[in-house]
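# Descriptive structure summary
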Amino acid sequence: MRYFIYLSFDGTAYHGWQIQPNGESVQGVLQRVLSTLLRTETPVTGAGRTDAGVHAAMMVAHFDVAAPLPRSPRPDQSPEDYLVYRLNGMLPQDIAVQRIVPVADDMHARFSARARTYYYYVHTRKSPFLRDRSWRLVSVPDFEAMNRAAALLLEYEDFTSFSRTNTDVKTNICHVRSARWLQLSDCEWRFEITADRFLRNMVRAIVGTLMEVGRGQLSLDGFRRVIEQQDRCAAGDSVPARGLFLQNVEY
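All figures in this text were calculated on a predicted structure; none of them were measured in a lab. (Residues numbered from 1 in each chain as written. Predicted model: local features only at pLDDT ≥ 70, side-chain atom pairs only at ≥ 80, totals over all residues. Heavy atoms only, no water.)

### Focus: the nonpolar core
The following threshold applies: Here, the term nonpolar core denotes a set of buried Ala, Val, Leu, Ile, Met, Phe, Trp, Tyr and Cys residues that are joined through side-chain atoms within 4.5 Å. Only protein chains enter the calculation, and the probe is 1.4 Å; a residue is then buried if its accessible area is under 20% of its type maximum, exposed if over 50%, and partly exposed in between. The way it works is that DSSP assigns letters per residue, a run of H or I at least four long becomes a helix, a run of E at least two long becomes a strand, and they are numbered from the N terminus. Residue contacts follow a heavy-atom distance rule, with two residues in contact if any of their heavy atoms lie within 4.5 Å.
Counting residues in hydrophobic clusters, the biggest one holds 79 residues, and the most contacted among them are Phe63, Leu153, Phe162 and Phe191. Per element, the largest residue contribution to this core is 8 residues, and it comes from helix 4 (residues 202-214). Once residues lying within four places of it in the same chain are set aside, the contact partners of Phe191 are Tyr118, Tyr119, Tyr120, Ala150, Leu153, Ala179, Arg180, Trp181, Ile206, Val207 and Leu210.

Right under this line is the structure:
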C-alpha cells in the first residue's frame, strides 16, 4: 500500500530535504522515525529537493508498506490519523506532519506532481522575528521593475542561466505558470513563482537576478539576455536560503 504524507518543516537546522552523508536532513529524520513506528525499514521519497536552510510550508513524500498501518486504540480515529499523531509525538519541533492519505500504487510524490509553488520573503526593517524566515534588504528596490522582469519568465522554457552547474538533470526545460512580487506590509514583500518543475538553485538565482533589476543594475532587456544566454555566469548571485519556502505541491 502506498501513502502520501504531507508535512512542513523549518529548514534552519538541516542540510536540506535529501539525505546527506555529512549532515542531518529532513528526509533522514522522517525516515528514521517512520521506520521506528512501523517496525520495518521504510524509505520515503519526497516531491523534490530543498537546499540547506530552505523551509517548506508543504512538502509531500510517499512511502510503501506491506502490512496494514497500526490501528488506533480509539475507534473513532483512523490508522492514518493515528500514525500522524504518533509521528508528531516523536519528530522534533521543527518538523510537523499534517496528514497521511492512501494513494494509488502508481502515484509518485515527485513524478506525479503537476506544479510546485515557491515563496521567497524579503524585508527592509530589522526584525528579530524574521531573521530566519526572510532576507533583510539594506534598501528598497524597484519592485515594479522587478515585476515587469518577472513576467518575462513566462515567455521562456530553458532556464539554464538559473540552474546550479554540474547537476544530474537531463533537461533544463521548465514551464513557469506565474511569477510576481507581492507587498505584504510597508516593509515586507514576497516573490511567488509556480512552475511544473524547478532546477536546483533556480528560485534563489532568479530572485538574485531580479534584485539587480530592482537596483537599476540590469535593464529589462538585460534580464531577457540573461535568460537567453543559457549561462549561469550571466545571472546574478543566489540569495540566502533562509527566505525560501516550498509553499505548495499540486497533483
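Following the structure, the description resumes.
### What to know about unusual backbone geometry
With phi around 60°, Arg39 is a residue other than glycine that occupies positive phi space. Mapping Arg39 onto the fold places it in the loop between helix 1 (26-38) and strand 2 (45-46). Look at Arg39 and you get exposed, because its relative accessible area is 79%. Unusually for a residue other than glycine, Gln230 sits at a positive phi of about 50°. Looking at the secondary structure, you find Gln230 in the loop between helix 5 (220-229) and strand 9 (244-250).

### Side note on the packing of aromatic side chains
Two numbers describe a pair of aromatic rings. These are the distance of the centres and the angle of the planes. Applied cut-off: Planes of paired rings set the category: under 30 degrees apart is stacked, over 60 is edge-to-face and the rest tilted, where pairs are Phe, Tyr or Trp rings (Trp by its six-membered ring) whose centres lie within 6.5 Å. By the criterion adopted, a ring carries a charge over it if an Arg CZ or a Lys NZ lies within 6 Å of its centre and within 35 degrees of its normal.
One pass over the structure, following the stated rule, counts 12 aromatic pairs. Their ring planes at 20° and their centres at 5.5 Å tell us that Tyr3 and Phe63 sit as a pair that is stacked. Placement of Tyr3 in strand 1 (residues 2-9) and of Phe63 in strand 3 (residues 55-64) is noted, with a sequence separation of 60 residues between them. Take Tyr3 and Phe63: they sit in the same class, and that class is buried. Feature note: the residues Phe143, Trp181, Trp189 and Phe191 constitute an aromatic cluster, connected by ring pairs. Residue placement shows Arg99 over the ring face of Tyr6; its charged tip is 3.9 Å from the ring centre. Above the face of the Tyr119 ring, Arg190 is positioned so that its terminal group lies 4.1 Å from the ring centre.

### As for helix 4
What counts, and what does not: Any helix carries an expected span of 1.5 Å times its number of residues minus one.
With 13 residues, helix 4 ought to run about 18 Å at 1.5 Å a step, and its terminal C-alpha atoms sit 18 Å apart, in line with that. Among the 13 residues of helix 4, 12 are classified as buried, and the element is accordingly described as predominantly covered. Among all positions of helix 4, only Met202, Val203, Arg204, Ala205, Ile206, Val207, Gly208, Thr209, Leu210, Met211, Val213 and Gly214 are buried. Positioned one or two residues after helix 4, Gly216 has a phi angle of 80°, which is positive.

### Here's the deal with the pairing of strand 9
Note on strand geometry: in a regular strand, side chains alternate between the two faces of the sheet. The test is simple: Here the rule is simple: two strands pair whenever DSSP picks up at least two bridges between them.
For strand 3 and strand 9, the ladder comprises 2 bridges, and the chain directions are parallel. When the sheet's bridge partners are listed, His55 is paired in strand 9 with Phe245.

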